[in-house]
Amino acid sequence: MRVYLGVIVTRPREQITPVVLKAARRAIYATFHVPRAVISADEWMSPDGAVGLLAWSNEPEHKLLPAPLRKDHGRAIGHCGYLRDSIAVEEDLRTAADLGPVTAGLGGCFSVFRADRERLEAATSITRVCPVYYARAGSVAVVGSRALLVHLVARAVETGLPAPEPDIDVLALQPMVRHGFFTNDETPFRGVRALPNAAVLSCGRDGSMRVVRRPFPVPEPAPRTAAAATARVERLADALLAAAQPLALHDEPVRLGLSGGRDSRLMAAVLHAAGVPVHARTHGFADDPDVILATRIARALGVEHDVEFSGETERPDAITVEHPLSRARRVIRLCEGMTSAYERVGGYAPYVMEPRTSGSGGETLRGGFLYDQEDVSPDGLRRRVRSVFLSGEKFLTAAANERARTLHESWTDQAGPDGFDALDKLYLFYRTGRWIVGSHTATLMNSPYYHPFLDNQVVREALMLPAEWRHSEEVVFRLIETLAPRLAAVPPEGKPWRFDRGRPPLRPAGLRAWYRRRPVAARGGSSGFNWRSSFDENFLSLLREQLSSAPRELFDVVDESQARRLFSRVPRGWVNQVWHIFTLGVLLSGDWRRSPTALPPVTIPIRR
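These remarks concern the structure in this document. Everything numeric here is computed off the predicted structure, so don't read it as measured data. Numbers given for residues are sequential positions, taken from 1 along each chain in its written order. For this predicted model, a pLDDT threshold of at least 70 governs which residues receive local features, and a threshold of 80 or more governs which side-chain atom pairs are given and counted, while totals over whole chains, interfaces and linings are taken from all residues. As a rule here, side-chain values come from all non-hydrogen atoms in the structure, and water together with hydrogens is ignored.

1. Observations regarding the environment of proline 164
To qualify as a helix, a DSSP run of H or I must reach at least 4 residues; to qualify as a strand, a run of E must reach at least 2; elements of each kind are numbered from the N terminus. Note that proline 164 resides in the loop between α4 (147-159) and α5 (174-179). Distance in space between the C-alpha atoms of proline 164 and serine 264 is 43 Å, their sequence separation being 100 residues. If we ignore the near neighbours within four places in the chain, the residues touching proline 164 are Leu152, Arg155, Ala156, Thr159 and Arg593. Working rule for contacts: check all heavy atoms of both residues, and any pair within 4.5 Å makes them a contact.

See below:
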C-alpha cells in the first residue's frame, strides 16, 4: 500500500513551514496502520520549498511494484492502486499538460498525484476506489490518499501544532447512521472532502483550486436482436479480459474469494478465460449455498479450491467472534471513521506478493443500486433514491436530517426523467466510491489486490450499456456463457436470474435449461446464519455499554430516545443501525486513537 500527501503554499515567497512537515511525518504513523519498521518514505520538494509531495509505502521491492515516487525534470508523480502498464503510462502522466484526458483513458484502479514547482494535482478514476482527499487551511492546500492525514496536516497549519487533535464534524456523520458509510463527498473530519469520481484537482501557486470532472459515457440504446446483444456483451468481455492481464503477470496463482453468488462466479469465468491460474477459497458453513455452489463452480472450471468452515466443526452450535469494541477500534482506524464496524474489514498481516481478487464491484455490471431493486416503477425508483440519502430518518436529529435534504433534492430532479440512470450513478458515486474504499484500503496493506470489475475502462464500457438492460442480469449471464460456458448450467444462489423470473420457455431445450438454472436456497440450520444480525442479549449488552458511555456529541446527530429504545432489547429490525450508532460512539470517544486494551472474544449461539 502506498500513502501520499501533497502540500502547496499559495502565498508568494512563503514556504511549507517546518511545523507542517513535522506534523506530516508524525501523522503518518496515526494513519498508516502497519508496523513502523516496514514503512519506507520518500519526498520531493520544489526548489523554493513551497510545494511538496510525500510518499510512504510498506510494499517490498518487486518488478511489479513501481517505486512510490518518480522524480525527474522538476516534477514528481506517484499513484495508489495499480495501472495496467505502469511503466509506459507513468511517462504519459508525467508529461501531460492535463491529467484529465490521460487518466480517463487508463486501465486499472488508481488515483494519481503529481507536483511541480507551480502546481499540485491529483486525479481519480471513474470508480474512485483509490480515493483522494483535500482541504484548505489559509494559504495552504493539502491533498492526500488518507483523510485523517490530510486533516491533521491542515490542522497543523491552523493551530501551529505538530500534533493537533482531530476536529470531528459531528453532523457530517449523518450518512453513517443510515448506511454505515458516506453517501456524499464529506468525511468525519471538518474541512476535508473526497474528490469526486473521474475528477482532477489542481492547486496552483497563484492561489487557484479547481476541481474538473470528466464526462461519463452516455449509454447506447438497448440491443434489439440476439446478435446485437452478443456483440455488445463481447465488447465488455474483451474489456474484462484486458483488465485481468495484470493478474497474469504474477508468478503464483491468484487467490480468488469465491462464493456461489453472481459476481464471484463471473470473476472465476473471467480469470479462466484469461488463462490466469486460480486458487479459490470459500468461507462459510457446510450447508451454506455459497459453499455448495462455490464447490460446483470450482469443479466445473477445474481450479484448486479450499473451504474454510465457520466455527470449529462443520455444523457448530456457536461461533466465537472478536469483541465488538476491539472490532470497532480496528475498523475505525483502518477506514478512518467512514465504515461501520458491521462491515468485514481485515487487519494487518505481513505483506506477501500473492495476487488477490474477488467478485467485489460486480453490481456495477447489474445496474448499481438496481441490482436488488424489484420495484422499478417511477415511484419505486424515486423511493429508492430517497432511501440513499434519507433512510432511517427516525434515528437522526432534525439538524442531521436537514443536512441530507439538499443533496437528496438535487438527485430527485435527476431521478425524475431517468430513475434507472440515477440509481446506476449513485451506486458508482457513493457505494463503489465510498463503501468499498475502506475494505479495499485495508486489503492493500497486505498484498496486491486487483479489481477487474472496477477497472477504469471496464466501467466505462459497462456504462455504455443501459442500466435497465444490466438490471435484467442478462448481461452478466451472457458474459458467463461467453467466457466459461460450463458455468451457465450452475444455478444461482437465493433467487433466479432476473430474466428467468417470468414464464418458463415452451420449447423443450429452453425448458430444460430453465430448470437447471433454478436457484439454490438456504435450507440448513446454520446456512443462513449471520452473527452480526443474529446476536444475543449478552452481545447486545456490550454494544449498549458503549452507547451509555458515549460522548454527548453523539446525540447531536443521533436521536437519543430512538437509540436507547433500539438498544433496549435484541432488535428484530434496524439491526445495522445498532452497529452504526455503536461505531459512532467509539469514533467520538477518541478511544480508537489510543493504544488498544486487549479484550476477550465473545461467543454467540447459532439460532436454528
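2. Points about the packing of aromatic side chains
Centre distance within 6.5 Å is the pairing criterion for rings of Phe, Tyr and Trp, where only the six-membered ring of Trp is used; planes under 30 degrees apart are then read as stacked, over 60 as edge-to-face, and the remainder as tilted. One pass over the full model with this rule turns up 18 aromatic pairs. Centre to centre, the rings of tryptophan 579 and phenylalanine 582 are 6.3 Å apart; their planes meet at 80°, and the pair counts as edge-to-face. With tryptophan 579 and phenylalanine 582 both in helix α21 (residues 575-589) and three residues apart, this pair spans about one turn of that helix. In this structure, tryptophan 579 and phenylalanine 582 share a single accessibility class: buried. We call a charge positioned above a ring when the Lys NZ or Arg CZ atom is no farther than 6 Å from the ring centre and deviates by at most 35 degrees from the ring normal. When the ring centre of tryptophan 497 is taken as origin, the NZ or CZ atom of arginine 262, which lies over that ring, is 4.9 Å away. Across the ring face of tryptophan 579, the terminal group of arginine 327 is positioned such that the distance to the ring centre comes to 5.7 Å. Relative accessible area decides the class of each residue, using a 1.4 Å probe on protein chains only: under 20% of the type maximum gives buried, over 50% gives exposed, and in between gives partly exposed.

3. With respect to helix α14 (residues 456-463)
Where burial is concerned, most of α14 is hidden: seven out of the eight residues are buried. Within α14 the residues assigned to the buried category are Asn456, Val458, Val459, Arg460, Glu461, Ala462 and Leu463. Where α14 is buried, its residues meet α3 (99-104), β6 (108-116), α6 (226-248), α12 (419-432) and α15 (467-471). In this structure aspartate 455 caps α14, since a side-chain oxygen of it lies 2.8 Å from the backbone nitrogen of glutamine 457. A 3.5 Å cut-off defines polar contacts: any pair of N or O atoms within that distance qualifies, except that in protein one atom must be a possible hydrogen donor and the other a possible acceptor, and neighbouring residues in sequence count only when both atoms are side-chain atoms.

4. Some details on the pattern of salt bridges
Any carboxyl oxygen of Asp or Glu within 4 Å of a side-chain nitrogen of Lys or Arg constitutes a salt bridge here. Taken as a whole and assessed by the stated rule, the structure comprises 47 salt bridges. As a salt-bridge pair, arginine 25 and glutamate 43 come within 2.9 Å of each other at their nearest N and O atoms. Placement of arginine 25 in helix α1 (residues 18-31) and of glutamate 43 in strand β2 (residues 40-45) is noted, with a sequence separation of 18 residues between them. Glutamate 43 gets classed as partly exposed once you look at its relative accessible area, which sits at 28%. Arginine 356 is the partner of glutamate 354 in a salt bridge, and the nearest nitrogen-oxygen pair spans 3.2 Å. No difference in accessibility class separates glutamate 354 from arginine 356, as the two residues are buried. Here the residues in one salt-bridge network are Arg262, Asp263, Arg366, Glu374, Glu473, Lys495, Arg498 and Arg501, joined through shared partners.

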